[in-house]
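Residue-level structure breakdown
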Amino acid sequence: MGRKPKGSNEKSSNNGVWGKSVSKEKSIYATLKEITGTDMKAYYIMYLYCPEYLKEADKTPVKDFEDLKSRYKCFSDTVTEDVCKRYIMEQGCQAAIKWLLKRLHQKKIIEL
């Protein structure tokens, strides 16, 4: 097996090995959105349980709910933090939170 020609649709990694990407891992946000069905609920759950994974949180952490609303267009003016707190009681949000907490726990176990 030799190297593939440059016109090939397969990509080369940094070490010169040719092949297709095998990563099928979805982002935390994508999984939460899939479980809850909306962007807003996914972002709110991330804000509550893992704000460090929100967009640009490493540069400017999310300070409060109003800051969260200003960063994401999916939050309309009529949505308040009390409304979002009620969403947390929905079955889909509960399943998403359970999934997220399990993932965060796995991360801690790996770091030990």
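Scroll up to find the structure this text is about.
Here's a quick rundown of the structure. (Residues numbered from 1 in each chain as written. Predicted model: local features only at pLDDT ≥ 70, side-chain atom pairs only at ≥ 80, totals over all residues. Heavy atoms only, no water.)

Some words on unusual backbone geometry
So the rule is basically this: Only DSSP runs of H or I with at least four residues qualify as helices, and only runs of E with at least two residues qualify as strands; both kinds are numbered from the N terminus onward.
The residue Glu 56 is not glycine, and still its phi comes out positive at about 55°. Inspection of the secondary structure assignment puts Glu 56 in the loop between α2 (39–49) and α3 (65–71).

Regarding empty space enclosed by the protein
Heads up, the condition is: Put simply, the grid is 1 Å and covers the protein atoms alone, a cavity is a trapped set of points that fit a 1.4 Å probe, a pocket is an open set with protein on both sides within 12 Å along at least five of seven lines, and lining residues have an atom within 4 Å of a point. Grid points are joined across faces, edges and corners, and a volume is the space filled by probe spheres set on the points. Note on residue categories: nonpolar means Ala, Val, Leu, Ile, Met, Phe, Trp, Tyr, Cys or Pro, charged means Asp, Glu, Lys or Arg, and polar means any other residue, Gly included.
Scanning the model with the defined rule gives 1 cavity of 30 Å³ or more in all. The volume enclosed by the largest cavity comes to roughly 30 Å³. Met 40, Lys 41, Tyr 44, Ile 45, Cys 84, Tyr 87, Ile 88 and Cys 93 together form the lining of the largest cavity. Every element with two or more residues in the lining of the largest cavity is listed here: α2 and α4 (81–87). Considering each element in turn, the lining of the largest cavity owes the most residues, 4 residues, to α2. Of the residues contributing to the lining of the largest cavity, the split by class is 7 nonpolar, no polar and 1 charged.

Notes on the side chain of Thr 31
What counts, and what does not: Buried residues are those whose accessible area, probed at 1.4 Å on protein chains only, stays under 20% of the maximum for their type, while exposed residues exceed 50% and partly exposed ones sit between those limits. Whether two residues are in contact is decided by their heavy atoms, any of which lying within 4.5 Å being enough.
Along the chain, Thr 31 turns up in helix α1 (residues 28–36). Its relative accessible area of 10% is what places Thr 31 among the buried residues. Excluding anything up to four places from it in sequence, Thr 31 contacts Lys 26 and Trp 99.

So, the packing of aromatic side chains
The relative placement of two aromatic rings is captured by the distance of their centres and the angle of their planes. Filter applied, for reference: Centres within 6.5 Å make a pair out of two Phe, Tyr or Trp rings, where for Trp the six-membered ring is used; the pair is then stacked when the planes are under 30 degrees apart, edge-to-face when over 60, and tilted otherwise. Placement of a positive charge over a ring is assigned whenever Lys NZ or Arg CZ falls within 6 Å of the ring centre and within 35 degrees of the normal to the ring plane.
Here the structure, examined in full by the defined rule, presents 5 aromatic pairs. Between Tyr 29 and Tyr 43 the ring centres are 4.8 Å apart and the planes differ by 15°, which places this aromatic pair in the stacked class. Remark: Tyr 43 occurs in helix α2 and Tyr 29 occurs in helix α1; sequence separation between them is 14 residues. Ring geometry for Tyr 44 against Phe 65: centres 5.9 Å apart, planes inclined by 80°, an arrangement best described as edge-to-face. Taken together, the residues Tyr 44 in helix α2 and Phe 65 in helix α3 connect sequence positions 21 residues apart. For Tyr 44, a relative accessible area of 3% puts it in the buried group. Residue class for Phe 65 comes out buried when judged on its relative accessible area of 3%. Grouped by ring-pair contacts, the aromatic residues Tyr 44, Tyr 47, Phe 65 and Phe 75 constitute a single cluster. Its end group placed over the ring of Tyr 87, Lys 41 keeps NZ or CZ at 4.9 Å from the ring centre.

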